[in-house]
Amino acid sequence: MIDQTCSLLTYGLDEDRDLTMADYESGLARWCPGCGDHAILTATQRLLETEQLPPEQTVFVSGIGCASRFPHYVHTYGFHGIHGRALPVAVGVKVRRPDLHVFVVMGDGDCCSIGSAHWVHTTRYNPDLVALMLDNGVYGLTKNQTSPTSPKGKPSNTQPRGALLPPLNPLSVTLGVTNASFVAQTGDWVPAHLYETLLAAFRHRGFAFVRILQRCPQYTTDLYEGAVRDPGLIELLVHPDGVSVPDLARIYKNQVRHDPADLDAARRLAAPDGKIRLGVLYRNETLPVYEDIRSVPAPSRAEKVALLNTELDRYAV
């Protein structure tokens with residue numbers, strides 16, 4: 001990471017560039033063959049190319065887990081932090097440097113377990129950043145442990161007789177937090193929808209929370225297998241203010257027009273009823289953004305000297 005990040009300094013700020021996906025590639029991804037993380041990485045690099053985001057002005061922050069290797073595979077600045085703490089690190093970066101484009105990548109355990117308090121409060125703070133929550137329903141890096149989103153009855157190494165509790169619903173939780181401004185769901189096996197959802201999240205001003213249903217070929221192969229094989233199990237939420245991919249209409253015939261401005265409807269659609277819904281559930285850009293509220297103008301040179309003298313005077317004899 002050191003070599004890669006240092007190389008970003010070679011870019012000139014006024015350089016006329018035409019960035020391609022290759023400019024955002026960094027190293028060979030070492031996820032398992034068939035892991036949904038590969039598709040998510042590709043969709044993200046496609047987004048970076050579309051928006052022509054300067055690598056030296058883009059940051060990816062992660063915690064711990066399979067998904068958290070993301071910053072190593074994107075040629076931008078990156079911070080691979082500790083378990084559950086990606087969001088406070090990202091908020092700190094955004095408050096200090098609101099000019100940067102900040103992305104957070106978390107797994108279901110990282111976000112919904114040890115990082116749950118940060119998830120709730122970051123939603124309430126509403127900073128202008130994109131959070132990708134890759135949900136495979138298991139702690140994969142630590143070899144098959146029950147996570148907060150594991151289906152009830154799903155055996156694992158920590159609960160071999162099956163998960164004892166019903167799974168936590170990340171969509172309902174986020175939609176229940178004051179100041180939630182963007183909540184969406186997509187799946188790694190629908191690349192066109194995945195890309196358009198990430199694009200909508202990036203273009204939203206405020207905290208964009210995207211739950212990505214992600215396949216794990218090692219421990220939860222059956223979790224989304226039915227939906228992958230049978231498009232009839234999917235219901236697409238479509239609206240001009242949400243995500244609409246006309247080419248998918250031939251395959252995914254179950255489509256519901258949903259206005260993302262309707263919070264009550266979003267909460268009803270997020271409730272589990274046997275259907276897998278993909279699309280933008282809620283979007284509200286009228287809410288205050290955290291870095292706008294908390295921004296403090298940088299002191300001038302004279303002000304810095306005055307502050308330094310005041311501090312030194314405290315210790316003068």
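Just above sits the structure.
Anyway, here's the lowdown on the structure attached to this text. (Residues numbered from 1 in each chain as written. Predicted model: local features only at pLDDT ≥ 70, side-chain atom pairs only at ≥ 80, totals over all residues. Heavy atoms only, no water.)

## So, the layout of surface pockets
- Counted as a void, the largest pocket has a volume near 630 Å³.
- Taken together, 26 residues form the lining of the largest pocket, with Arg211, Tyr224, Pro272, Lys275 and Ile276 sitting closest to its centre.
- Of all the elements in the fold, those that place two or more residues in the lining of the largest pocket are helix H6 (170-175), strand E6 (208-213), helix H8 (225-229), helix H9 (263-270) and strand E9 (276-283).
- At three residues, the largest contribution of residues to the lining of the largest pocket is made by E9.
- For the lining of the largest pocket, a count of residues per class yields 16 nonpolar, five polar and five charged. (1 Å grid on protein atoms, 1.4 Å probe; cavity = no way out; pocket = protein on both sides within 12 Å on 5 of 7 lines; lining within 4 Å. Points joined across faces, edges and corners; volume = space filled by probe spheres on them. Helix = DSSP H or I, 4+ residues; strand = E, 2+ residues; numbered from the N terminus. Nonpolar A, V, L, I, M, F, W, Y, C, P; charged D, E, K, R; others polar.)

## Some thoughts on helix H7 (residues 191-203)
- Relative to the 18 Å expected for 13 residues at 1.5 Å per residue, H7 spans 18 Å between its end C-alpha atoms, a close match to the ideal helical length.
- Among the residues making up H7, those that are buried are His193, Leu194, Tyr195, Thr197, Leu198, Leu199, Ala200, Ala201 and Phe202. (Expected span 1.5 Å × (residues − 1). Buried < 20%, exposed > 50% of the residue type's maximum accessible area, 1.4 Å probe, protein only.)

## Overview of the nonpolar core
- Counting residues in each nonpolar core, the largest one holds 47 residues, and the members touching the most others are Phe70, Phe103, Phe182, Trp189, Leu198 and Ile212.
- When contributions to this core are tallied by element, the ones reaching two or more residues are helix H2 (37-51), strand E3 (101-107), strand E4 (130-135), strand E5 (182-187), H7, E6, strand E7 (234-238) and E9.
- Sorting elements by how many residues they give to this core places H7 first, with seven residues.
- Not counting residues up to four positions away in its chain, the partners in contact with Leu198 are Ala43, Thr44, Leu47, Leu132, Val210 and Ile212.
- Ranked by size, the runner-up nonpolar core spans 26 residues in total, among them Val102, Met106, Leu175 and Tyr282. (Core = buried A, V, L, I, M, F, W, Y, C linked by side-chain atoms within 4.5 Å. Contact = heavy atoms within 4.5 Å.)

## Concerning the packing of aromatic side chains
- The final tally for this structure, using the stated rule, is eight aromatic pairs.
- Summarising the aromatic geometry, the rings of Trp31 and Tyr73 are spaced 5.0 Å apart at their centres and angled 85 degrees between planes, so their arrangement reads as edge-to-face. Note that Trp31 is positioned in the loop between helix H1 (2-7) and H2 and Tyr73 in the loop between strand E1 (58-62) and strand E2 (77-80), a separation of 42 residues in sequence. An identical accessibility class is assigned to Trp31 and Tyr73; each is buried. (Phe/Tyr/Trp six-rings, centres within 6.5 Å; stacked < 30°, edge-to-face > 60°.)

## Digging into the environment of Leu213
- Inspection of the secondary structure puts Leu213 in strand E6.
- For Leu213, a relative accessible area of 3% corresponds to the buried category.
- Residues Leu213 and Val61 lie 152 residues apart in sequence; the distance between their C-alpha atoms is 20 Å.
- If we ignore the near neighbours within four places in the chain, the residues touching Leu213 are Asp135, Gln185, Thr186, Gly187, Asp188, Trp189, Tyr224, Ile276 and Leu278.

## With respect to the pattern of salt bridges
- All told, the structure shown has 14 salt bridges when counted by the stated rule.
- We note a salt bridge from Arg215 to Asp188, for which the minimum N-O separation is 2.7 Å. Of this pair, Arg215 sits in the loop between E6 and H8 while Asp188 sits in the loop between E5 and H7; the two residues are 27 residues apart in sequence, bridging distant segments of the chain.
- Judged by its relative accessible area of 29%, Arg215 is partly exposed.
- Assessed through its relative accessible area of 2%, Asp188 is described here as buried. (Salt bridge = Lys/Arg side-chain N within 4 Å of Asp/Glu carboxyl O.)

## As for unusual backbone geometry
- Even without a glycine there, the phi angle at Asn126 is positive, about 60 degrees.
- Secondary-structure assignment places Asn126 in the loop between helix H5 (116-125) and E4.
- Given a relative accessible area of 0%, Asn126 falls into the buried group.
- With a phi angle near 70 degrees, Lys143 is a residue other than glycine that sits in the positive phi range.
- Along the polypeptide, Lys143 turns up in the loop between E4 and H6.

Don't take any of this as a statement about function, it's just geometry.
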